[in-house]
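Structure at a glance
Residue-level listing of the chains:
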Amino acid sequence: MVRRRTLSAEGNVGIRTVQPNTVNSQRTRAQTRGSWYLVPALLSLLLLSPARAADLSGGAGLLLAPTADYVGRGSYAFGITTVDEHYRPYYKEPHATVLHYYHIGLSGGIDVTMGITNFDGRLFAQKFGSERPLGSTAAGTPAGGWNIDRSLSARLLLLRQGRHSPSLALGMRDITGTSNFGANYLVASYRFPKPVWDANATPPGIGVHLGIGTNRLHGLFGGIDYWPTSRLGVMAETVDGRVHAGLRWRATRQFQIQPSLMGLRWLGGGIAYAHRM
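Predicted, not measured: the structure shown is a model, and the values here were computed from it.

A cluster of nonpolar residues, Leu-106, Ile-110, Leu-156, Leu-158, Leu-159, Leu-170, Leu-186, Leu-210, Ile-212 and Leu-220, forms a patch on the protein surface that exposes about 870 Å² of accessible area. When residues of the nonpolar patch are traced back to their parent elements, those giving at least two are β8 (148-159) and β11 (205-213). Per-element tally for the nonpolar patch: the top contributor is β8, with three residues. Looking at the secondary structure, you find Ile-212 in strand β11. We classify Ile-212 as partly exposed; its relative accessible area is 48%.

Have a look at this one:
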């Protein structure tokens, strides 16, 4: 039981007895009212923070083709993508490849992608015994291990888009280990009606990209993406003489879905979470 002093309208001082349950309920209501002020902040984190996911190779790009789009320091994305073995093979393994990646923008126009690719077309990693002949070994000799391939890729933004000049980037994919997915490339990108200055947002408009590469990006490659709104993009590209198309849909400003039609015949795509520190 709690006693409180009260002051009447006539100026008389009195004592009012308040039950503990009443005091606790008042405190609970006050705390509840205060917690509602957190709701707008949480919604802003989930819905309002701009973000742009990586491509199906885990870097800045369309589907398999890289771009010279700006990626700011502290911008990051992690996700999972799957591509048919005809368009992203791992030696002679007869399965689609599933990439788990983390992509981050660093200082000086550098962004880096770290990836783990499951060449059995499965999530995460599984161990197999020495009885399985792995296609990556010499002459298919037996080898036990894990059904994954680790990779590291990096890109340097040489120039940002100007009023009449495109942005320009130089990149290297899968520069460590087996380099099965390796490629070196130079790519230019131009967006209109205005360039992308926000490190994560893609404003409505059109982007045009053209580059030249080696290995998996052999010869000329290029593509175009059209964003009727900031939440939905349509893209098409040509890489190594093959044409791919896809969408990029922002279910929220951070969580993104990337359905793709590889070679205009095989389904692929990915999901990603993108944000900025």
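This brings us to the packing of aromatic side chains. Enumeration over the complete set of coordinates arrives at seven aromatic pairs. Summarising the aromatic geometry, the rings of Tyr-90 and Tyr-91 are spaced 5.0 Å apart at their centres and angled 85° between planes, so their arrangement reads as edge-to-face. According to the relative accessible area criterion, Tyr-90 is buried, its value standing at 3%. An aromatic cluster of three or more residues is present, and its members are Tyr-90, Tyr-91, Phe-119 and Phe-181.

Attention now moves to the confidence of the model for the chain. With 72% of its residues at a pLDDT of 70 or more, the chain shows a mean pLDDT of 80. Summarising per-element confidence for the chain, the mean pLDDT is lowest in helix α2 (residues 38-48) (39) and highest in strand β9 (residues 167-173) (96). Between residues 27-51, whose pLDDT stays under 50, and residues either more than four places distant or in other chains, the model counts 23 contacts. Taken as a whole, residues 136-141 scores under 50 in pLDDT and shows seven contacts with residues more than four places along the chain or in a different chain.

Attention shifts here to the sheet that holds β9. The strand order β3-β4-β5-β8-β9-β10-β11-β12-β13-β14-β15-β16 describes a closed barrel built from twelve strands, whose pairing is antiparallel. On average, each strand axis in the sheet is inclined to that of its neighbour by 20°, with strand direction left out of account. Alignment of strand β10 (residues 183-192) against β11, held across eight bridges, turns out to be antiparallel. Within β11, the residue paired with Ser-189 across the bridge is His-209.

This brings us to the environment of Gly-182. Note that Gly-182 resides in the loop between β9 and β10. Residues Gly-182 and Thr-214, spaced 32 residues apart in sequence, show a C-alpha to C-alpha distance of 8.3 Å. Non-local contacts of Gly-182, meaning those with residues more than four positions away in its chain, are made with Arg-173, Asp-174, Thr-214, Asn-215 and Arg-216.

Let us look at unusual backbone geometry. Cis geometry marks the peptide bond from Phe-192 to Pro-193, where omega comes out at 15°. Structurally, Pro-193 is set in the loop between β10 and β11. Although it is not a glycine, Phe-124 sits at a positive phi angle of roughly 60°. The residue Phe-124 is located in the loop between β5 (110-118) and β6 (127-128) in this model. Here the phi dihedral of Asn-215 falls at roughly 50°; this positive angle occurs in a residue that is not glycine. Of note, Asn-215 is situated in the loop between β11 and β12 (219-229).

Right, let's talk about the pattern of salt bridges for a bit. Counted by the stated rule, this structure contains four salt bridges. Between Asp-111 and Arg-155 there is a salt bridge, with the nearest N and O atoms lying 2.8 Å from each other. Of the two residues, Asp-111 is situated in strand β5 and Arg-155 in strand β8; the sequence distance between them amounts to 44 residues. The exposure class assigned to Arg-155 is buried, which follows from its relative accessible area of 3%. Several salt bridges share partner residues, and in doing so they unite Asp-69, Arg-191 and Asp-225 into one network.

Moving on, we get to the pairing of β5. Relative to β5, strand β4 (residues 97-105) runs antiparallel, the two being bridged by eight bridges. Bridged to Tyr-101 within β5 is Gly-115. Counting the residues in the hairpin turn of β4 and β5 gives four residues, including Gly-108, whose phi is positive at 75°. Two elements, β5 and β8, share nine bridges in a ladder whose sense is antiparallel. Among the inter-strand pairings, Met-114 is bridged to a residue of β8, identified as Leu-152.

Conventions used here
- Residues numbered from 1 in each chain as written.
- Predicted model: local features only at pLDDT ≥ 70, side-chain atom pairs only at ≥ 80, totals over all residues.
- Heavy atoms only, no water.
- Patch = residues over 30% accessible without salt bridge, like charges linked within 9 Å, V, L, I, M, F, W, Y side chains within 5 Å.
- Areas by Shrake-Rupley, 256 points an atom, 1.4 Å probe, with all protein chains shown as cover.
- Salt bridge = Lys/Arg side-chain N within 4 Å of Asp/Glu carboxyl O.
- Helix = DSSP H or I, 4+ residues; strand = E, 2+ residues; numbered from the N terminus.
- Buried < 20%, exposed > 50% of the residue type's maximum accessible area, 1.4 Å probe, protein only.
- Phe/Tyr/Trp six-rings, centres within 6.5 Å; stacked < 30°, edge-to-face > 60°.
- pLDDT = per-residue confidence, 0-100.
- Contact = heavy atoms within 4.5 Å.
- Pairing = 2+ DSSP bridges.
- Axes fitted to C-alpha atoms, helices over the stretch in contact; angles between N-to-C directions.

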